[in-house]
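Now for the letters of each chain:
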Amino acid sequence: MREIVTIQVGGFANFIGSHFWNFQDELLGLASDPEGDSVFKNQCLNMDVLYRTGETHQGILTYTPRLVSVDFQGSLGSVSSCGTLYNEASSVPSDVVTWKGSVSTQVSEPHKKNLFLQSLYKEEQENLTVMNAAKDKRNDFQREIEDKDMVECLDNGVQYWTDFSKVHYHPQSLYELSGLWMDVQEFDNYGIGRDASSGSFREDTCERLRFFVEECDHVQGFQFIVDDSGGFSAVAADFLENIADEYTNTPVLLYAARSPTSYTNLRSRKQTVFRDLHDSVSFSRLVPYCKLIVPVGLPSLSTSKATTFLHIEDEKPYHCSAVYAAALHSASLPLRMESVGPFADSCAVSGAVDVNEFVQMLAGQARQNMVSILDVSMPAPPLTRKQGEQSLIGSLQPLTPEVADDVDDSQAVESMIVHGALGSDGYHASVSAVKDSVNAVYEHAISRPMFCHLSVAQCPLPIPLPFPSIFGNLVGQHGELLNSPILGSTLRGSLDVHSIPMAARLRSSNSILPFLQNRLGNLRKFGIKRGALGAELLRSWGFGTDEIQDMGETLSKMVAALVPESELSSDSD
């Protein structure tokens, strides 16, 4: 067994994680459904890579994500940090009384479960059985009404990432930062995050991580998602440093994510400098503790080419995180595919790799750069296309901010995953058909990467009930792209779209140069240069001159690894 432990730090990271685990839960349910689509029954995915088997005190078997989640206190809404599977028995009152003074009790009103969570609870409490066909029909009709109500409730009322989570979590998974409440408004910079991760945080999180790691046969790596737009970046850096110390040879694949709302409210020059310095410091401090870092999060997802067939509201983390989670799910599929022989063309997957191979492929080539760009096609177009329509590869659009367009990089390295692709007949294409289609595009391409690893799976992305209604009226029930819009249907959700084909790509390319150069330039301009505006700010965050210089050197080396030698020589002149 080659297990992966997932870590989620910060609000937006947990929103992404909630959708991510919903996808996994939906795959598990569809695989066990005797009346389900056969494409989900032969997934050739090893879910034990991400999940652990356990047992409650009552002897009930459990199957929960191998996960450590870190967030504010109060961020779990109506969900207990102990989860719902391993409920501890209520404590027995003691007869021993040592305090004779008056006692006052302060009780906060618990958060109420929304319709979706109420439905989950009800379904678990009742052993749903049908006595006759008539009752079965009534149940189906009633369930349809309830599903519509639940979808509408979620689309209009998600406040916490647990509001739409359909997954059970282990008591060791959910960690709330002590003394740091969700309504804190100024948790927006690296400096304040350093203070928050002091105290028992390091010991507590290490103990939780150790719980999951020690029961594994052989951990292939850590999948780490962090909301790096504010103080949680420093919290994550502290966590990552512990991982680097304790699990030296275990690679970390890090997704540094942020929501569109984190780019807003820069009304003054001071706030802009403040944000630019945070971005530079955050990135340079996260980099040393991972093998591969993937920045994720556009300033406006709603206006990007990546959401051509989607309707996104940027101000809703529930919307934006769904797109990023879908891309992360797709990108991570090769890490849990069943390994098959080179001639197993009839198998539903191809191109399995582990985290170490994945990292070495993207970061360990001749160029030695550890930053990758994440691209997505959602939904992916069919393999066959009419004249003028985009190819599957041409439809891929970046979810990484500040990347250069149309850059011809002969040393670029790519890892691409296509799953659930549709053929001309509207059915899911075979693995070999997808390979042939992708290879044909590259053969006729004017520019191509130095190396491209292709992974293919027949299983599409399932759309679980709590997925937001973000599909446009050109997206069909199985994610097919329609020639004409569906009348009377502007927004479509999980009741209308059951699955979609997906394509995702991680690429190491000098297209990431603007991202790196902006962070290096801002650190030099606002933090290192003589009389820099942000020098005092960095000192207030606890950084000395040597540390700031080290951060600048880290970024400078990353830029130098991507800049052609001719440009470097001209810069030195």
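When you look at the sheet that holds strand S10 (residues 373–377) in this model, what are you seeing that I'm missing?
Remark on secondary structure: sheet strands pair via backbone hydrogen bonds, oriented parallel or antiparallel. Spatial strand order, S9-S13-S12-S16-S10-S11: six strands in an open sheet with mixed pairing. Edge positions in the sheet fall to strand S9 (349–350) and strand S11 (397–398), since each has one partner strand and no second. As defined by bridge partners, S10 adjoins S11 across two bridges and the pair is classed as antiparallel. Bridging from a neighbouring strand, Val376 pairs with Gln397 of S11.

How should I be thinking about the pairing of strand S3 (residues 61–65) in this particular structure?
Across five bridges, strand S2 (residues 51–55) lies against S3 in antiparallel orientation. In the sheet register, Arg52 faces S3, and the bridge partner there is Thr64. Between the antiparallel neighbours S2 and S3 lie five residues, among them Gly59 with a positive phi of about 85°.

Which parts of the structure should I look at to understand the pattern of salt bridges?
Applying the stated criterion across every chain, the model contains 18 salt bridges. Between Asp375 and Arg507 there is a salt bridge whose closest N-O contact spans 2.4 Å. Highlighted residues: Asp375 in strand S10 and Arg507 in strand S16 (residues 502–508), separated in sequence by 132 residues. In this structure, Asp375 and Arg507 share a single accessibility class: buried. A salt bridge links Glu536 to Arg539; the shortest N-O distance between them is 3.0 Å. Here Glu536 and its partner Arg539 are both found in helix H13 (residues 535–540), three residues apart, which amounts to about one turn of the helix. On the basis of relative accessibility, which here comes to 49%, the residue Arg539 falls in the partly exposed class. Through salt bridges with shared partners, a single ionic network connects Asp228, Arg258, Arg275 and Asp279.

Honestly, the packing of aromatic side chains in this entry has me stumped. Any pointers?
For any two aromatic rings, the description comes down to two numbers: the centre-to-centre distance and the angle of the planes. Enumeration over the complete set of coordinates arrives at 20 aromatic pairs. Between Phe72 and Phe187, the aromatic rings sit 5.3 Å apart at their centres with planes inclined by 70°, giving edge-to-face as the arrangement. Placement of Phe72 in strand S4 (residues 67–73) and of Phe187 in the loop between strand S5 (174–181) and helix H5 (190–196) is noted, with a sequence separation of 115 residues between them. A relative accessible area of 8% means that Phe187 is categorised as buried. Ring geometry for Phe211 versus Phe212: centroids 5.1 Å apart, planes at 85°, classification edge-to-face.

Explain the environment of His218 here, please?
Relative to the elements of secondary structure, His218 occurs in the loop between helix H6 (201–214) and strand S6 (219–227). The class for His218 is partly exposed, based on a relative accessible area of 43%.

Would you mind going over empty space enclosed by the protein with me for this structure?
Over the atoms, a rolling probe the size of a water molecule traces out where space has been left empty. Inspection of the entire model under this criterion finds three cavities of 30 Å³ or more. Taken as a whole, the largest cavity encloses approximately 90 Å³ of empty space. Taken together, 13 residues form the lining of the largest cavity, with Asp228, Arg258, Pro295, Phe515 and Arg519 sitting closest to its centre.

When you look at the nonpolar core in this model, what are you seeing that I'm missing?
Soluble, globular proteins show a tendency: their nonpolar side chains are buried together. If you look at the biggest cluster of nonpolar residues, it comprises 143 residues, and the most contacted ones within it are Val9, Leu209, Phe224, Phe239 and Leu399. Looking at this core element by element, the count peaks at 10 residues for helix H9 (residues 317–332).

Just checking my understanding: could you explain the pairing of S4 for this structure?
A regular strand places its side chains so that they alternate between the two faces of the sheet. By the criterion of burial, S4 is predominantly enclosed, with six of the seven residues buried. Taken together, the four bridges between strand S1 (residues 3–9) and S4 define a ladder with parallel strand orientation. By the bridge assignment, Val9 is partnered in S4 with Val70.

Would you mind going over unusual backbone geometry with me for this structure?
A negative phi angle is the norm for most residues apart from glycine, just as the trans form is the norm for most peptide bonds. A cis geometry characterises the amide bond from Met378 onward to Pro379, with omega recorded as -10°. Although it is not a glycine, Cys44 adopts a positive phi angle of roughly 55°. Along the polypeptide, Cys44 turns up in the loop between helix H2 (38–41) and S2. If you check the backbone angles, Glu402 has positive phi at about 60° while not being a glycine. Locating Glu402 in the fold gives a position in the loop between S11 and strand S12 (413–419).

Where do I start with helix H10 (residues 355–363) in this structure?
Note that an α-helix has 3.6 residues per turn; residues three or four places apart therefore point the same way. Of the positions making up H10, those classed as buried are Val355, Phe358, Val359, Met361, Leu362 and Ala363. Axial view of H10: buried residues confined to an arc of 165°, hence all on one face. Measuring from the side-chain oxygen of the N-cap residue of H10 to the backbone nitrogen of Asn356 gives 3.2 Å; that N-cap residue is Asp354.

Just to check I follow, could you spell out the packing of helix H1 (residues 11–32) against H9 for this structure?
Packing of H1 against H9 brings their axes to within 8 Å, and their N-to-C directions diverge by 55°. Between H1 and H9, the angle is such that the two are oblique. The two elements H1 and H9 cross, and the hand of that crossing is right-handed. For the pair H1 and H9, contact is made by Phe12, Phe15, Ile16, His19, Phe20, Phe23, Gln24 and Leu27 and by Pro317, Tyr318, Cys320, Ser321, Ala322, Tyr324, Ala325, Ala326, Leu328, His329 and Ser332, respectively. Of the residues contributing to the contact of H1 with H9, the split by class is 14 nonpolar, five polar and no charged.

Any chance you could explain helix H7 (residues 232–246) here in plain terms?
End to end, H7 covers 21 Å across 15 residues, agreeing with the expected 21 Å (1.5 Å per residue, within 8%). Extensive coverage of H7 is indicated by the burial of 11 of its 15 residues. Taken residue by residue, H7 has Phe232, Ser233, Ala234, Val235, Ala236, Ala237, Asp238, Phe239, Leu240, Asn242 and Ile243 as its buried positions.

I keep staring at the side chain of Asp163 and nothing clicks. Help me out?
As for its placement among the helices and strands, Asp163 is situated in the loop between helix H4 (133–157) and S5. Nearest to the buried, unbridged Asp163 among oppositely charged side chains is Lys113, at 10 Å. A distance of 2.8 Å separates a polar side-chain atom of Asp163 from the backbone nitrogen of Gln159. A distance of 2.9 Å separates a polar side-chain atom of Asp163 from the backbone nitrogen of Tyr160. Those residues in contact with Asp163 that sit more than four places away from it in its chain are Asn114, Phe116, Leu117, Leu154, Gly157 and Val158.

What counts, and at which threshold
- Residues numbered from 1 in each chain as written.
- Predicted model: local features only at pLDDT ≥ 70, side-chain atom pairs only at ≥ 80, totals over all residues.
- Heavy atoms only, no water.
- Pairing = 2+ DSSP bridges.
- Helix = DSSP H or I, 4+ residues; strand = E, 2+ residues; numbered from the N terminus.
- Salt bridge = Lys/Arg side-chain N within 4 Å of Asp/Glu carboxyl O.
- Buried < 20%, exposed > 50% of the residue type's maximum accessible area, 1.4 Å probe, protein only.
- Phe/Tyr/Trp six-rings, centres within 6.5 Å; stacked < 30°, edge-to-face > 60°.
- 1 Å grid on protein atoms, 1.4 Å probe; cavity = no way out; pocket = protein on both sides within 12 Å on 5 of 7 lines; lining within 4 Å.
- Points joined across faces, edges and corners; volume = space filled by probe spheres on them.
- Core = buried A, V, L, I, M, F, W, Y, C linked by side-chain atoms within 4.5 Å.
- Arc of directions from axis to C-beta.
- Polar contact = N/O pair within 3.5 Å; in protein donor to acceptor, adjacent residues only side chain to side chain.
- Axes fitted to C-alpha atoms, helices over the stretch in contact; angles between N-to-C directions.
- Parallel < 35°, antiparallel > 145°, perpendicular 65-115°, else oblique.
- Left-handed = near helix turned anticlockwise from the far one by under 90°.
- Contact = heavy atoms within 4.5 Å.
- Nonpolar A, V, L, I, M, F, W, Y, C, P; charged D, E, K, R; others polar.
- Expected span 1.5 Å × (residues − 1).
- Lys, Arg positive; Asp, Glu negative; His and termini not counted.

Functional significance is not addressed by these values, which are geometric in nature.
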